[in-house]
Amino acid sequence: MEKILVKGGKKLNGEVKISTAKNSVLPIIAACLLCKGTNIIENVPMLEDVFVLCEVLRTLNADVNIDILNERLIINTENVKNIEPPSELVKKMRASFLIMGPMLSRFGKFRITLPGGCNIGTRPIDLHLKGFTFLGVKIDLGHGFVDASANKIIGNTIYLDFPSVGATENIIMASVLADGETIIGNCAAEPEIEDLANFLNAMGAKIIGAGTDTIKIFGVKELKGVVYRPIFDRIEAGTFMVAAAITNSAIKINGINQEHMRPIIAKLSEMGVILNIYGNSVIVDATRKLKPVDIKTMPYPGFPTDMQAQIMSLLSVLPGTSVVTETIFENRFMHAPELKRMGADIKIDGRSAIIRGVNKLTGTEVKATDLRAGAAMILAGLVAEGNTIINDIYHIDRGYVEIEKKLKGLGANIERIME
Ligand code: EPZ
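Residues numbered from 1 in each chain as written. Predicted model: local features only at pLDDT ≥ 70, side-chain atom pairs only at ≥ 80, totals over all residues. Heavy atoms only, no water.

P301 follows Y300 through a cis peptide bond whose omega is 10°. Along the chain, P301 falls in the loop between β17 (295-296) and α10 (308-315). Phi is positive for N61, close to 75°, though the residue is something other than glycine. Notably, N186 is not glycine yet its phi reads approximately 55°, a positive angle. Residue position: N186 is located in the loop between β10 (181-185) and α7 (191-202). (Helix = DSSP H or I, 4+ residues; strand = E, 2+ residues; numbered from the N terminus.)

Attention now moves to the site of the ligand. The local shell around the ligand holds 21 residues, among which D126, L127, S164, D306 and I328 are the closest. K22 places a side-chain nitrogen or oxygen 3.0 Å from an oxygen atom of the ligand. Between the ligand and R332 there is a distance of 3.4 Å, counted from an oxygen atom to a side-chain nitrogen or oxygen. Compared with its free state, where it exposes 830 Å², the ligand has 86% of that area covered by protein. For the shell around the ligand, the element with the most residues is helix α5 (residues 126-134), which contributes three residues. Taken together, the residues that form the shell around the ligand break down as nine nonpolar, five polar and seven charged. (Near = heavy atom within 4 Å. Polar contact = N/O pair within 3.5 Å; in protein donor to acceptor, adjacent residues only side chain to side chain. Areas by Shrake-Rupley, 256 points an atom, 1.4 Å probe, with all protein chains shown as cover. Nonpolar A, V, L, I, M, F, W, Y, C, P; charged D, E, K, R; others polar.)

Attention now moves to helix α12 (residues 371-383). Within α12, 12 of the 13 residues are buried, which leaves it mostly tucked inside the rest of the structure. Here α12 has its buried residues at L371, R372, A373, G374, A375, A376, M377, I378, L379, A380, G381 and L382. Put simply, D370 is the residue that caps the front of α12, since its side-chain oxygen is 3.2 Å from the backbone nitrogen of R372. (Buried < 20%, exposed > 50% of the residue type's maximum accessible area, 1.4 Å probe, protein only.)

Summed over the entire model, instances satisfying the criterion amount to one aromatic pair. One Lys or Arg, R111, reaches over the ring of F145 and ends 3.9 Å from the middle of that ring. (Phe/Tyr/Trp six-rings, centres within 6.5 Å; stacked < 30°, edge-to-face > 60°. Lys NZ or Arg CZ within 6 Å of the ring centre and 35° of its normal.)

Time to look at the sheet that holds strand β23 (residues 413-418). Read across the sheet, four strands follow the order β21-β22-β1-β23 without closing on themselves; strand pairing throughout is mixed. For this open sheet the edge positions go to β21 (365-367) and β23, each flanked by a neighbour on one side alone. Each strand axis lies, on average, 25° off the axis of its neighbour in the sheet, ignoring direction. Inspection of the sheet shows strand β1 (residues 2-7) paired to β23 by six bridges, in the antiparallel sense. (Pairing = 2+ DSSP bridges. Axes fitted to C-alpha atoms, helices over the stretch in contact; angles between N-to-C directions.)

Tracing the backbone through its elements, the reader meets K36 in the loop between α1 (22-31) and β3 (38-41). On the accessibility criterion, K36 (60% relative accessible area) is exposed. K36 sits 44 residues away from V80 along the chain, and the two C-alpha atoms are 8.1 Å apart. Dropping the residues within four chain positions of it, K36 is found in contact with T77, E78, R106 and L223. (Contact = heavy atoms within 4.5 Å.)

Turning next to the pattern of salt bridges. Per the stated rule, a full pass over the model turns up 28 salt bridges. R111 serves as the salt-bridge partner of E84, at 2.7 Å between the closest nitrogen and oxygen. Residue E84 is found in the loop between β5 (72-76) and α3 (87-92), and its partner R111 is found in strand β6 (residues 109-113); the two are separated by 27 residues along the sequence. The class for E84 is partly exposed, based on a relative accessible area of 34%. You can call R111 partly exposed: its relative accessible area is 31%. We note a salt bridge from E385 to K360, for which the minimum N-O separation is 3.5 Å. Taken together, the positions of E385 in the loop between α12 and β22 (387-391) and K360 in the loop between β20 (352-356) and β21 put the pair 25 residues apart, joining distant regions of the chain. Residue class for E385 comes out partly exposed when judged on its relative accessible area of 48%. Among the charged side chains, a salt-bridge network with shared partners connects E2, D397, E404 and R416. (Salt bridge = Lys/Arg side-chain N within 4 Å of Asp/Glu carboxyl O.)

In terms of nonpolar packing, the biggest core is built from 77 residues, with I99 and L200 touching the most fellow members. A244, I264, L290 and L410 belong to the second-largest nonpolar core, a separate cluster that totals 68 residues. (Core = buried A, V, L, I, M, F, W, Y, C linked by side-chain atoms within 4.5 Å.)

Moving on to the layout of surface pockets. The calculated volume of the second largest pocket comes to roughly 330 Å³. Around the second largest pocket, the lining comprises 20 residues; the ones closest to its centre are S105, R106, F107, L177 and K221. If one sorts the elements of the lining of the second largest pocket by residue count, helix α4 (residues 100-107) sits on top with four residues. Residue composition of the lining of the second largest pocket, grouped by class: 11 nonpolar, three polar and six charged. (1 Å grid on protein atoms, 1.4 Å probe; cavity = no way out; pocket = protein on both sides within 12 Å on 5 of 7 lines; lining within 4 Å. Points joined across faces, edges and corners; volume = space filled by probe spheres on them.)

Right, let's get into α4. An α-helical turn contains 3.6 residues, so a residue and the one three or four places further along point in the same direction. For α4, the buried fraction is high: seven of the eight residues fall into the buried class. On its buried face, α4 sits against α1, β6, α5, β8 (145-149) and α6 (165-175).

Below you can see the structure in the form of structure tokens.
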């Protein structure tokens, strides 16, 4: 069983390169199904989630070449068939449900297993289905499957009850070849949505407003294959910013988009971290004493839920009290008990966690309960006294390319071990 071993106490220095955003690449891979041609996606992070979604496309008879050497995907969807993907594959990675929109656009009907929940929440898809229904799609939910069909997909006005990232992406992809115009109100404004819209527009779609709370899609006849390079991973970049902060170090991070990092930069600056941006790079100077701040996760441009666990590790060792409120997912504090095993003082009260900074954390055996919680445990290990062993690191490998190698390159005492 692979584990990560961290020996705490080392300062970080040097520079690290951020990979392309997993949460951009996944919807973009799904969107390749919208054209009958070849797309080349460049600078792709070679992650488990990417491999799983590529496998899902292969079960639809897409020709997917994962060019690991050149870090790119060559996806030819000429011969894609309307096949129901294997349930065990869809449940392995719930973002597989993002193929629903493209398959409805392409074939007018599709059947897929209901994606499971996961550790951080039940992860419902009601908003995805509501959007499809508004586009004229008939949805049958039975025995764990979604059966969807439409004679024609007709543009409509949809107002989301919650700015769901996945629902916004799925509805955009179901609308790009529709008859007429679709308006999505109260939609997600995350940078990954804008990246998906840029990819689709490069293929010949007509989408305006991506990155705001209202998106308009004018249906077109067909899309063509393109070469595309998705955006940097703002959550990976934020994770390394916190690595500098928790070890009171100064490092350089290459591969950021300042605009996408605003909520994270704002919070770290409030804590006393100095961040100097130079184009797509930032020098993070966290060598001064930092102070705790309160955090409330919100849809973009609020503080991202995907940074909540990482920032909790940092707050655990800052003198003073802070409150972290998680408004997006109903069960995203599973890293708190693991941090408490290391000596953190955290009290959970419903959607809020009250954190009292302690003088030190002590290394021990902990587990990654989900992707970002795993990253949070590594961050805690960087500053803990002694050794921290992190189990279930497959969660971490879903979203971070060789995180231990990148941290080792910054001087951390960290390695992947087999036990
Ligand atoms: C995306 O998940 C990301 N995943 C998540 O990143 C991220 O945490 C999340 O957006 C929020 O930013 C990918 O992009 C692959 P949502 P998604 O639909 O689309 C509720 C990571 O760590 N909801 O915006 O599933 C839902 O229950 C992962 O990289 C409904 O109620 O997120 C949740 O409470 C974790 N009905 C909230 O909305 C729906 O139909 C946010 O979910 C859909 C969602």
